Every structure is written in structure tokens, then in C-alpha cells.
Amino acid sequence: MNLENDYGSLNLFIFPLAGTQILSMSKIKTLSPDVVAKIAAGEVVERPASVVKELLENALDAGSASAKVEVQGAGRKLIRVTDDGEGMTGEEAIQALQRHTTSKIESLEDLFSLRTFGFRGEALASIAAVSRLKITTRKEGKLSGTEVRVEGGTLSDTTEMGCPLGTSVEVRDLFFNVPARLKFLKSQGTELGHISEILAKTALANPQARFQLFHEGKLLANYPLRQDPSARLVEALGEEVDGKIFPFRLQQGELRAEGFAGEPGLNRPNSRGIYLFVNRRPVRDRLLTHATLEGYRNVIPKDRYPVAVLLVEVPPPDVDVNVHPGKWEVKFANSETVHRLVIQAVRGMLEETPWLKIKGIPQFEEIRERPTAYLPQGKPISLPLSWPASLRVESKGESQETGRGPVSGITFLGQVQETYLVFASPEGLLLLDQHAAHERVLLEKLSNDLFHGGIPKQPLLLPEVIELPSNESRILEEHLGDLARMGFDLERGGIRSFWVKSVPQILADRDPLETLRETIKEIYSWGKEGQLQNSYDSLLKMMACHAAIQAHRPMEKEEARALWEDLQNCRFPSHCPHGRPTQLRLSPFELEKMFGRR
């Protein structure tokens, strides 16, 4: 083959013998060790918070019970992490600064049985490559310690000295030799916020250790030793979560999902309030985020996010942590099982509505059995996750599937503005938003009917005709079977017209055709390829809203009482499908306080 004719003047040689060198005219060069180190540092050390994360993980892997973080200039000038772990000898400290040196693994198989945070052996070397680093350490049983200094990845000094047991890693002038990286750092407040968040996440997952954060000598965060992980919640998440976040736990074999989730009213405009951990490792994972949001589906407002701390424990062989340079991402061997378990764990807590319970007063679970999202043996119930499947049955008496029955001791007092129902009970004063409450009851009934075959229909004596734009009529014809399950029986009557032969029974005395038109517009907005079976939620909520008792409508005593009992039989009685509260409770203590008796 004539290379010059085929490819131009290209000096290309193929050497079959190992060790033969490419001619100096080749454009492919071997990078210098200094450049390689800085490239690796760019993957691991994104900002000062990345340094804090890696050093805290090293401290925990060393068995530390206490870690102190000191920063100056939001980490640009100084980051110092001091721990009381097992420490290192001088030789180990020098060796730890080399790339790909680690005490965590020895073989490829060890990656699938990891019990430590670190494993790659890149962190210290990467940090040292872009800073002036000093390690002071003493191993248990040694009379003296060692101080190692590195500047820009080059070892400059090693000294034997006296020091406490444990390790202190001091990082000064981060990115001093990579000024381009400094331009990408944000303001001091933003960078300090990232550091605080890293410390909070570490403290949430490791309540057995003590953590402190100092900035310019001032204490910013303090996490004392805690036996109960819940004690860390207010310290890490702020006073707003106090009394509004509750524990959950669900286990299936060796897989466990536990943590704390806030009441629906405790929500934020973004997902930064969701803290995810896999085997105590903080992660960013779409699967776990989606599962958490699914747990809150039809309970919090649209475009709002809950506050939750989710800790998933997975057998090491079933999770791959070697995915992201910063160890932020993981892959599960059985992602569907993890996804379902998290949803059921979160929903199990929400079904209990613990934020409505009043301490010291007989609670509703003492009157009737509350449902659970899983069987007593811990085996999850298999429910289609694309539907908000309710376990409620139509009867207002004892529910065969949920075990809930009527609530005793409730007295209806009247209405306020013909919108809010007022009840008296041993728990105090109970207020009900009649529209929101009825929406919740109807949504769960519609979901239950849909899950069990279809929504009951009301045949029309005289079929109605609806005319649609041609584009809507074409898409509608693809979903006639799905609409039939929702209670609308339609048959094409012309190019753009359809005969409506039956409507959902629940809408028979309302304006079912208006609801049908809105349903068709919603389906059309999904596009031609839209899958109705994956989007029932919005349609069912629309039907429930149209069929529900409206505000400013008088209600008789028996009707109000029946609505209250139906609401208590719901899986999620505290909030309507749009995330608004259905009920408020004023305890005797709160009433006495309002009237000055407390």
C-alpha cells in the first residue's frame, strides 16, 4: 500500500516488535508526569469542598471519632483537617502521596467488596499536585511523628517531630500553580456554603463521629457525638425541620432503605433538600431522587421538592462505586428493586401522617389499625408504580383491605364560610377543608377503581356528540381503549366528531363533557407518542377536582361526618392531590395557650 498516495505525506510505520519507538516526527507525545498529575487533580479536585470531602473520608477510613476542619479564605488560602485516627508512619505518609497507592484494596475483586470510602489512591496525590501540602501524623505505638511537606506535587521536606496521635493534613494556596482553575471558583460565600454542605452530609451519615468547622478561627458548625442519628437533623438541616421530619425504615433481605423524610408541608423549590447516601457514601443519583419524589407523588405541590435524608444499604457486590472520579455516582445491580423499596419506605411513613399526631393524647392508631406499605415479613407489596394505587375500598365502615374503620369520639360542630368543617375530638379542635378533603377521597377511589379494572360508568340515554380539531381527533383515536377504562366510552361519528356513549359515574351529575374536553387537551399535549398508561395521575386529579364538593357549599351533619371518616380511610389523608393540607388540628394545649391558660 502506498501511504503517500493514499493518505498524503504521512510518516506512518507499523512495528510488530514490542519496545520499538515511534519516530520523532510523530504528533503523539507522552505527557510529562507533572501534566498528568494536574489533569488527574482536575478530575478529583473541583473546588475547596472537594478537598474537604476527600480528607474527611480519609479520616473516617482511619477510624477517627473526631475530625476538625479549619479553613481560611473559604478554602483558597487554607484547608486543614485534623483527625484522631490510627495515623501513619513516615514511610506510609510519603507513600500515600504517590498516585495509585492505597491501603483499601489490593486486587480488582476488592472493588466489589468495599467497606471504605476511599479506594483509588488518587486523592492525596491530586491535592498535593495543585497546592502546598503538609502532613503531620503519628501512628499508635510510636513515640514520635512525621511531618511531610509537598509543593506542587514535589516532595520538599520530611521531618521527625512530636505530635498528637492521628493525622493533620494542611492544604495551602489551592490551585496556586494552576491559576486558570482559580477563575472558575465562585464567591467566598458560595465556596464556604459547599464546604458546609459537605460537612453536613458527612455528619448525617456518620453520627458516631464528632465534626467541627472553623472559618477564620470562628466556629461555623458543630456536630457532637450522637447516639441517635435524628439528633443530627436540626444541626445539619436547620431549625425549620424541627418536629417536621420523621424516620422511616424498610428492609428486604440484605437491602435496606432508611432515613428521615419531612412532612409534605416542608418542601423546597429545588432538590437540594434531598440528601442521598449509599452505604454511608454521599451520592448524586437520579434513580434514588426519582424514587424519593415518587414517594411524595400526589402529596406535595407540583414543582416542589421534599426534604429527606435517604440512607440505602446495599451488599457491596451489588453496587458499583467506581463510576465517577469524585465518587459521587453509583450503579446498582438491581436498580428496580432499590427503586421500589425506597418508594415503599417513604410512602410507609407518609401513610402514618405522624405530623398530625399529638403527644399525650390517644391517637387514631389506638382506635383502628393503620396500614403499612409492606407485609409483616418485610416483603414489599407489588403495585404498579405508574399508578397512584389506593388500597381504600368504597365502604365507609370497616375496610377489608386496609383494616381501617370509622373514627369514634368525633363531634361535628358546623361550617365556617360553608367551606371549612369544624369537629371536636379528644385531640382538640379539628378543621377540614371540604373541597381538598373530598379531592383526596375521590382520587384514591378513582385510583383504586382503575387499578381493579376500570372506573364505573354511567351510560347516557342519548349519546352526546363532541367536535374536535383534526389534530386532536387523530391522537384521541389512539387512546379510545384507555379512555374507556377511565369511564368515557367514545365512538367515532365522523371525520372530526365522536359519539360519547358513557361517562364516569362520579361525574354524571356534573359537566362530564367539559372534563372530557380538558382530558383530551391534556392527552394531546403529550404528543402522538404519549403513553396514557404512564400519565394517569394528571387525568385522575382533574376528574377528582371536577367531581369534588366545592367550597361555599352547605353540608349536613351526616354528610360532613361521612367525609371525615372517608378521609381517615385514605392512605394519605393529610394533603389533597395538589399538595394543600386537607385538615388542621389544634390540640388542647394550643387552645389553652391561645386563651392565656398556659
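Residue numbering note: each chain is counted from 1, following its sequence as written. Where totals are concerned, whole chains, interfaces and linings use all residues; where local detail is concerned, this predicted model gives features only for residues with pLDDT of at least 70, and gives and counts side-chain atom pairs only at 80 or more. Just so you know, side-chain values use all the structure's heavy atoms and leave hydrogens and water out.

What about the pairing of strand β12 (residues 274-278)?
Here's how the labels work: a residue is buried when its accessible area is under 20% of the maximum for its type, exposed when over 50%, partly exposed in between, all with a 1.4 Å probe on protein chains only. Numbered from the N terminus, helices here are DSSP runs of H or I no shorter than four residues, and strands are runs of E no shorter than two. Burial within β12 is extensive, with five of its five residues counted as buried. Pairing between β12 and strand β15 (residues 308-313): five bridges, direction parallel. From the neighbouring strand, I274 faces β15, where its bridge partner is A308. With two bridges connecting them, β12 and strand β13 (residues 281-282) associate as antiparallel partners. At least two DSSP bridges between two strands are needed for those strands to be called paired.

Details of the packing of helix α3 (residues 48-61) against helix α7 (residues 188-205)
Running from N to C, α3 and α7 point in directions that differ by 20 degrees, and their axes come no closer than 8 Å. Compared by their axis directions, α3 and α7 come out roughly parallel. The element α3 and its partner α7 pack so that their crossing is right-handed. Between α3, through P48, A49, V52, K53, L56 and L60, and α7, the contact on the second element is made entirely by E191, H194, I195, I198, L199 and T202. Its residues assigned to classes, the contact of α3 with α7 shows eight nonpolar, two polar and two charged. For helices, the fitted line uses only the C-alpha atoms of the stretch in contact; every axis is such a line through C-alpha atoms, and the angle between N-to-C directions lies from 0 to 180 degrees. Each angle gets one of four labels, with under 35 degrees taken as roughly parallel, over 145 as roughly antiparallel, 65 to 115 as roughly perpendicular, and the rest as oblique. Left-handed describes a crossing in which the near helix is turned anticlockwise from the far one by less than a right angle; the clockwise case is right-handed. Residue contacts are counted whenever heavy atoms from the two residues lie within 4.5 Å of one another. For this classification, the nonpolar set comprises Ala, Val, Leu, Ile, Met, Phe, Trp, Tyr, Cys and Pro, the charged set comprises Asp, Glu, Lys and Arg, and every other residue, Gly included, is treated as polar.

Side note on the pattern of salt bridges
Think of a salt bridge as a Lys or Arg side-chain nitrogen and an Asp or Glu carboxyl oxygen that are within 4 Å of each other. Taken as a whole and judged by the stated rule, the model has 35 salt bridges. A salt bridge links E151 to R132, with the nearest nitrogen and oxygen atoms 3.2 Å apart. Taken together, the positions of E151 in strand β4 (residues 145-151) and R132 in strand β3 (residues 132-138) put the pair 19 residues apart, joining distant regions of the chain. Given the relative accessible area of 39%, E151 is considered partly exposed.

Points about the sheet that holds strand β7 (residues 210-215)
Ordered by their spatial adjacency, eight strands build an open sheet running β5-β4-β3-β6-β2-β1-β7-β8, and the pairing between neighbours is mixed. Two strands in the sheet have a free side with no partner beyond their single neighbour: β5 (154-161) and β8 (218-223). Strand-to-strand twist across the sheet, computed as the mean angle between neighbouring axes with direction ignored, equals 10 degrees. Of the pairings in the sheet, the one linking β3 to β4 comprises six bridges and is antiparallel in character.

Focus: α3
A helix is expected to span 1.5 Å multiplied by its residue count minus one. The end-to-end C-alpha distance of α3 is 20 Å, a good match for the 20 Å that 14 residues give at a rise of 1.5 Å each. Three or more residues of α3 are buried, namely P48, A49, S50, V51, V52, K53, E54, L55, L56, E57, A59 and L60. Positive phi appears at G63, one or two residues downstream of α3, with a value of about 80 degrees.

Overview of the sheet that holds strand β18 (residues 411-416)
Strand order across the open sheet formed by four strands is β18-β19-β20-β24, with antiparallel pairing between neighbours. Of all the strands in the sheet, just β18 and β24 (583-586) have a single pairing partner and so form its edges. Recorded for the sheet is a direction-independent mean angle of 20 degrees between the axes of neighbouring strands. With six bridges joining them, strand β19 (residues 420-425) and strand β20 (residues 428-433) adopt antiparallel strand pairing. By the bridge assignment for β20, F423 is matched with L430. Along the sheet face, helix α11 (residues 434-451) touches β18, β19 and β20 and points at about 75 degrees away from the line of β20.

A short note on the nonpolar core
What makes a nonpolar core is a set of buried Ala, Val, Leu, Ile, Met, Phe, Trp, Tyr and Cys residues whose side-chain atoms join them at distances within 4.5 Å. Counting residues in hydrophobic clusters, the biggest one holds 58 residues, and the most contacted among them are L56, L133, V171, F211 and L237. At eight residues, α7 tops the list of elements feeding residues into this core. In this view, L237 contacts L204, I245, R268, Y275, V307 and V309; residues no more than four positions away in its chain are not counted. Counting residues in each nonpolar core, the second largest holds 34 residues, with A261, A308, V312 and I343 among its members.

Examining the packing of aromatic side chains
What characterises a pair of aromatic rings is the spacing of the ring centres plus the angle enclosed by the ring planes. Classification of ring pairs uses Phe, Tyr and Trp, with its six-membered ring standing for Trp, and accepts pairs whose centres are within 6.5 Å; under 30 degrees between planes counts as stacked, over 60 as edge-to-face, and the remaining range as tilted. In total, this model carries three aromatic pairs according to the counting rule given. With centroids separated by 5.3 Å and ring planes inclined at 55 degrees, the aromatic side chains of F412 and F423 adopt a geometry described as tilted. Here F412 is found in strand β18, whereas its partner F423 is found in strand β19, with eleven residues between them in sequence. Each member of the pair, F412 as well as F423, is classed as buried. Arranged with centres 5.3 Å apart and planes meeting at 35 degrees, the rings of F423 and W564 form a pair that is tilted. On the criterion of sequence distance, the pair formed by F423 in strand β19 and W564 in helix α16 (residues 557-568) is long-range, its members being 141 residues apart.

A closer look at unusual backbone geometry
One non-glycine residue, F175, lies in positive phi territory at about 65 degrees. Accessibility expressed as a relative area gives 0% for F175, which makes it buried. Residue E216 is not a glycine yet carries a positive backbone phi of 55 degrees. With respect to the element layout, E216 can be found in the loop between β7 and β8.

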